[in-house]
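# Architecture and fold: a report
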Amino acid sequence: MKDTKNENIIFADLYKNETDFLIKETEKKKYVEEFLKSKIPDGKKENWRKFNSKPIFRHKYKLGKKAELDFNTIKSMSFFNPDANRIVLINGFFNEKLSFRKNEEIILTSTKKAKIEYPEIFYSHFRKIKNNDKTFFDALNESFSQDGAFIFVPDNISVKEPIHILHFIISSNGNIFSQTENIIIAGKNSSLKIIHSYHSLSRDFSFNNGRTDIFAGKNSATEYYIFEGEGDTAAHINNINTEQEKNSYLKSNIVTFCGSTVRNNFKIKLNEEHAKTEIEGIYMPDKEQYIDNFVEISHLKSNCESKQLFKGVIDNRAISVFTGKVYVAPGAQKTNSEQSNKNLLLTDYAKAYSRPQLEIYADDVACSHGSTTGQLDDEALFYMRTRGIPEKQAKTMLTSAFLKDIIENISTESYKDYVNFLINGRLKGQNPETLCSVKLCPSCT
Amino acid sequence: MLSIQNLKAEIEGKEILKGINLEVKPGEVHAIMGPNGSGKSTLASVLAGRDIFKVTGGKVIFKGKNLLELSPEERSREGIFLAFQYPVEIPGVSITNFMRAALDQHRIHRGLEPMNASEFLRYMKEKKALVELDAKLEGRSVNVGFSGGEKKKNEVFQMAMLEPDLAILDETDSGLDIDALKVVANGVNKLKTKDNATIVITHYQRLLDYIVPDIIHVLYNGRIVKTGGKELALELEKHGYDEIKKQADKMF
């Protein structure tokens, strides 16, 4: 087995001949030194319990390169709207030709270009969200990230159609490592929806180490949908950091459909009063996949609201982990926080770990949490069968009913249909790998 | 139609049915009465195919087929319907989707095309009216938020939708007030034809005022200990089960 030190050097070496990092050249040394000292989190670290990095580092990677993609491949996705704003990233790099800006009043570009073209906006947000719990993955991204999506919606602007950020992994030969640093800024009184979807068109293994920072300005309303469907041969560490100002609303929804090892790190900060955040997630690990959702919500001021609902369907020998951490700062009175995690185990070998964690330093708060893990209801299954419904179909109906409330909360119909289609396909036993491919969509010919 | 011969069944090693014999012909209404714990509901469950009960002996022939070899869904499609004593709540599955999935299977089994959406909705409306189910069903999950009476009416509604050859009503009267009881009984009576049969399982004679049986069996301690005409119900109403229990205890 290789030791941690080696992985640090191996990954630093990937960038040996690279230039154009998002950090300034003068800061490089400091960041890289920090990275070389950083540790790969293992299951012993409190926030990473059960996490196993070995499947990620079992492979050797090449750094993902800029590549082209046929527009028709993108167009074949059932929920793709060719007339809506979009940013296309291939192997972590912005593809200007495939991207499209519809609304003139918003900035829709790459982080790399934003740094040059809009330095003021860029530098007032870049790395402004502090992370006190840096791991190897955070440091790797901070030292070497080169590109990503950059979205800025100015004050008082509403963008009706969802903005689509599409990530593709394309590889002709070999395993690909890529990382992006995305920045999304919602100005005061603005509103927007984002669908951030991850796909792999490669049979080789891939490892995506991403970071997305979201700034929700005063009175803004943001819906942020994430779809992780990179397939069986992909590892994904996805760091999402958000900060919310007064009276802002942020709804996050994450569907993790497949991935060999997936860790989603949500760090949500309610910085000012009356901020409201809702986060919902569905995860469906199969085979020997591992899907880990870590959510940390910090109530830093009074009168804020947060709601977490995560549901998992765990098949075969797969493992899921959910950690829902709620921190209520001293003085953050009238905090209202709800948390619920429900898991459905489809086999005797599937495992679900559920960890609610509350850290409360105020006395006038309402914080609830609940967690259930079980199998399909035998009574319901029998009842359905006595009406003539075959066992397999009854199971599919019950499982999809289990996930229904979260799916129903997806406000973009075409995306909701896509998620429904994939979930039902999976439950009917279709190969998840092919289902994750963009080529296999309901409307494809 | 149904022939039960020396049927024995147990749960977790405990014998519940100790040799049941019963013949049901088309057009007949049978009532199975008996004190609590006599095995009435177990018999219903075993006939419907609940696998927590283990059949340890005997035979059940339904329309010439060995019923015990069939899965619950196959039994349903062959024409057996169990109205549950405690209808199960299924959050997230709408009644429309539930009934549609069930009816499609029944139609395929009979060699018919599944109904299209508008045919199905019309059919559902018709059957709802027939069994006087006035609750709005569209968009509601199966049995979720239903009152006791609505749940039982919903069972009869499902029965109307699937048109079984043999309906087994397991304690359908339990938890019903007299008005709901009348509606439920009325529905069952409307569905009665000369070709189908009904087994009514009940503890009390009350339901039998409304669904009048041809034959009454008394089940006690896993066996049918007495069979008679509808006058048997009145006798039980008057004297209770004690006399029958005493006689049976002497015999076995």
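Use the structure listed above.
Below you will find a few notes about this structure. These numbers come from a predicted model, not from an experiment. (Residues numbered from 1 in each chain as written. Chains lettered and ligands numbered in written order. Predicted model: local features only at pLDDT ≥ 70, side-chain atom pairs only at ≥ 80, totals over all residues. Heavy atoms only, no water.)

## Some details on the sheet that holds strand β6 (residues 80–83) of chain B
All names here are of chain B. The strand order β6-β9-β10-β3-β11-β12 describes an open sheet built from six strands, whose pairing is mixed. Each edge of the open sheet carries a strand with a single partner, namely β6 and β12 (223–228). Between one strand axis and the next, the sheet turns through 20° on average, direction left out of account. Looking at chain direction, strand β9 (residues 166–170) and strand β10 (residues 197–202) are connected through five bridges and run parallel. Residue pairing for β10: D170 is matched across the bridge by I201. Strand contacts of helix α7 (residues 231–239): β3 (29–33), β11 (215–220) and β12, with the helix running at about 115° to β12, the strand carrying the most contacts. (Pairing = 2+ DSSP bridges. Helix = DSSP H or I, 4+ residues; strand = E, 2+ residues; numbered from the N terminus. Axes fitted to C-alpha atoms, helices over the stretch in contact; angles between N-to-C directions. Contact = heavy atoms within 4.5 Å.)

## Comments concerning the packing of helix α8 (residues 378–385) of chain A against helix α9 (residues 391–408) of chain A
Residue and element names in this part refer to chain A. At a minimum axis distance of 9 Å, the contact between α8 and α9 shows a crossing angle of 130°. By the angle between their directions, the pair α8 and α9 is classed as oblique. Considering how the two elements wind past one another, α8 and α9 form a crossing that is right-handed. Mapping the contact onto sequence places A380, L381, M384 and R385 in α8 and E391, A394, K395, M397 and L398 in α9. (Parallel < 35°, antiparallel > 145°, perpendicular 65-115°, else oblique. Left-handed = near helix turned anticlockwise from the far one by under 90°.)

## Digging into the packing of α9 of chain A against helix α10 (residues 413–427) of chain A
Residue and element names in this part refer to chain A. Closest axis-to-axis distance for the α9/α10 pair is 11 Å, and the angle between their directions is 160°. By the angle class used here, α9 and α10 are roughly antiparallel. Read as a crossing pair, α9 and α10 show a hand that is right-handed. Contacts between α9 and α10 involve T396, T399, S400, L403, I407 and E408 on the former and, on the latter, K416, V419, N420, I423, N424 and L427. Residues that form the contact of α9 with α10 fall into these classes: five nonpolar, five polar and two charged. (Nonpolar A, V, L, I, M, F, W, Y, C, P; charged D, E, K, R; others polar.)

## Describing a positive patch on the surface
All names here are of chain A. Judged by side-chain charge, K24, K30, K128 and K130 come together as a positively charged surface patch. With respect to the element layout, K24 can be found in the loop between α1 (4–14) and α2 (28–37). Exposure remark for K24: the relative accessible area of 41% places this residue in the partly exposed category. (Patch = residues over 30% accessible without salt bridge, like charges linked within 9 Å, V, L, I, M, F, W, Y side chains within 5 Å. Areas by Shrake-Rupley, 256 points an atom, 1.4 Å probe, with all protein chains shown as cover. Salt bridge = Lys/Arg side-chain N within 4 Å of Asp/Glu carboxyl O. Lys, Arg positive; Asp, Glu negative; His and termini not counted. Charge placed at Lys NZ, Arg CZ, Asp CG, Glu CD. Buried < 20%, exposed > 50% of the residue type's maximum accessible area, 1.4 Å probe, protein only.)

## Details of α8 of chain A
Because an α-helix packs 3.6 residues into every turn, residues spaced three or four apart end up facing the same way. Residue and element names in this part refer to chain A. Counting buried positions along α8 yields six of eight residues, so the element is predominantly enclosed. By the burial criterion, the buried members of α8 are A380, L381, F382, Y383, M384 and R385. Its side-chain oxygen 3.0 Å from the backbone nitrogen of E379, D377 forms the N-cap of α8. (Polar contact = N/O pair within 3.5 Å; in protein donor to acceptor, adjacent residues only side chain to side chain.)

## So, empty space enclosed by the protein
Rolled over the atoms, a probe sized like a water molecule indicates the empty space that remains. Residue and element names in this part refer to chain A. What the rule picks out here adds up to four cavities of 30 Å³ or more. As a volume, the largest cavity reaches approximately 60 Å³. Around the largest cavity sit Y15, L63, G64, N91, G92, F93, F144, Q146, D147, F177, S178 and Q179, which together line it. Tallied by class, residues from the lining of the largest cavity come to five nonpolar, six polar and one charged. (1 Å grid on protein atoms, 1.4 Å probe; cavity = no way out; pocket = protein on both sides within 12 Å on 5 of 7 lines; lining within 4 Å. Points joined across faces, edges and corners; volume = space filled by probe spheres on them.)

## Description of the packing of aromatic side chains
Residues and elements named next belong to chain A. Counted according to the given criterion, the structure contains 36 aromatic pairs over all chains. Look at W48 and F137: their rings are 5.8 Å apart centre to centre, the planes differ by 25°, and that puts the pair in the stacked class. Of the two residues, W48 sits in the loop between α2 and α3 (54–57) while F137 sits in helix α7 (residues 136–144), which places them 89 residues apart along the sequence. We note that W48, like F137, is buried. (Phe/Tyr/Trp six-rings, centres within 6.5 Å; stacked < 30°, edge-to-face > 60°.)

## Observations concerning the layout of surface pockets
Residues and elements named next belong to chain A. When its volume is computed, the largest pocket comes out at roughly 640 Å³. The wall of the largest pocket is formed by 28 residues, among which L346, L376, L381, E391 and K395 lie closest to the centre. At the level of secondary structure, the elements contributing two or more residues to the lining of the largest pocket comprise α8, α9 and α10. For the lining of the largest pocket, the leading source of residues is α9, giving five residues. Class assignment of the residues belonging to the lining of the largest pocket gives a composition of 11 nonpolar, six polar and 11 charged.

That is the geometry; function is a separate question.
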